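In case you want the letters, here they are:
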Amino acid sequence: MKVILIEDVKSLGKKGDLVEINEGYARNFILKKNLGLEATNKNLNDLKLKKANEDRIAQEILDEAKEMRKDLETKEVFVSIKVGEGGKIFGSISTKEIAEELTKQTGLIVEKKKMQLASPIKTLGTHEVTVKLHPKVNAKLKVTVKEA
């Protein structure tokens, strides 16, 4: 019997997969626990439409991330920090401060979790911060640290 899985089933497959299983297993376990639907023409057509819609939405999200990358790569964020004698910085700049300054200066909202720093910034000058906007899209943001 062919069944369309509604949820992930450990030994069978992932949500949306079409699987061939024994009729008893299908009726007594999969269908009874609402883990799958019988693969009728209507259900197969619904699955095809749902996958097409999900693909379209995923493409729109990817396109938005690419647009955001273009915006971010043209911007530069300025962050001020206290500096002591000899150019020694008090503290460091983390992704939290960068995200706050980005929102203040450009109006673009990027979560601090999406910014990737190997270590906090502890020197004056221009630094590049990688921003992970999408699993397939990364942007480089210029951050200029200057004396307060």
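Please read these numbers as outputs of a predicted model, since none were measured by experiment.

Draft legend 1. Main features of the overall build of the protein. Scanning the protein from terminus to terminus reveals three helices and seven strands. The order of helices and strands in the protein, counted from the N terminus, is β-β-α-β-α-β-α-β-β-β. A compact globule built from 148 residues would reach a C-alpha radius of gyration of about 15 Å, whereas the protein, at 25 Å, exceeds it by more than 25%. Pairs at least 24 apart in sequence give 48% of the contacts found in the protein among residues at least 6 apart. With the model as given, the accessible surface of the protein reaches about 10,200 Å², and the carbon-plus-sulfur share is 49%. Charge separation in the protein, taken as the distance between the mean sites of 29 positive and 23 negative side-chain charges, equals 3 Å.

Draft legend 2. Molecular detail of the pairing of strand β4 (residues 76-81). Here β4 shows a clear split, with Val77, Val79 and Ile81 buried on one side and none of Glu76, Phe78 and Ser80 buried on the other. With six bridges joining them, β4 and strand β7 (residues 137-147) adopt parallel strand pairing. From the neighbouring strand, Val79 faces β7, where its bridge partner is Val145.

Draft legend 3. A look at the nonpolar core. Counting 24 residues, the largest nonpolar core has Leu72, Ile98, Met115, Val131, Leu141 and Val143 as its most contacted members. For this core, the element with the most residues is β7, which contributes five residues. Once you skip the residues sitting within four places of it in the chain, Ile98 turns out to touch Val77, Ile93, Met115, Leu117, Ile121, Val129, Leu141 and Val143. Ranked by size, the runner-up nonpolar core spans nine residues in total, among them Met1, Val19, Ile21 and Ala26.

Draft legend 4. Layout of the sheet that holds strand β5 (residues 115-116). Spatially, four strands are ordered β4-β7-β6-β5 in an open sheet, and the strand pairing comes out mixed. The strands lining the two open edges of the sheet, one partner per strand, are β4 and β5. By the bridge criterion, nine bridges tie strand β6 (residues 125-134) to β7 in an arrangement that is antiparallel. Opposite Glu128, over in β7, you have Lys142 as the bridge partner. Here helix α3 (residues 95-106) sits on the sheet in contact with β4, β5, β6 and β7, set at roughly 120° to β4.

Draft legend 5. Expanded view of the side chain of Thr130. Along the chain, Thr130 turns up in strand β6. For Thr130, a relative accessible area of 17% puts it in the buried group. For Thr130, the side chain forms a polar contact with the side chain of Lys140, separated by 3.1 Å. Non-local contacts of Thr130, meaning those with residues more than four positions away in its chain, are made with Lys114, Met115, Gln116, Asn138, Ala139 and Lys140.

Draft legend 6. Examining the pattern of salt bridges more closely. One pass over the full model with this rule turns up five salt bridges. Taking the shortest distance from any N to any O, the salt bridge between Asp46 and Lys42 comes out at 2.9 Å. Separated by four residues within a single helix, Asp46 and Lys42 lie in helix α2 (residues 41-74), roughly one turn from each other. Glu60 serves as the salt-bridge partner of Arg56, at 3.0 Å between the closest nitrogen and oxygen. Pair noted here: Arg56 and Glu60 are both in helix α2, with a separation of four residues, about one helical turn. Arg56 gets classed as partly exposed once you look at its relative accessible area, which sits at 46%.

Conventions we followed
- Residues numbered from 1 in each chain as written.
- Predicted model: local features only at pLDDT ≥ 70, side-chain atom pairs only at ≥ 80, totals over all residues.
- Heavy atoms only, no water.
- Helix = DSSP H or I, 4+ residues; strand = E, 2+ residues; numbered from the N terminus.
- Rg over C-alpha atoms; globule rule 2.2 N^0.38 Å.
- Contact = heavy atoms within 4.5 Å.
- Areas by Shrake-Rupley, 256 points an atom, 1.4 Å probe, with all protein chains shown as cover.
- Lys, Arg positive; Asp, Glu negative; His and termini not counted.
- Charge placed at Lys NZ, Arg CZ, Asp CG, Glu CD.
- Buried < 20%, exposed > 50% of the residue type's maximum accessible area, 1.4 Å probe, protein only.
- Pairing = 2+ DSSP bridges.
- Core = buried A, V, L, I, M, F, W, Y, C linked by side-chain atoms within 4.5 Å.
- Axes fitted to C-alpha atoms, helices over the stretch in contact; angles between N-to-C directions.
- Polar contact = N/O pair within 3.5 Å; in protein donor to acceptor, adjacent residues only side chain to side chain.
- Salt bridge = Lys/Arg side-chain N within 4 Å of Asp/Glu carboxyl O.

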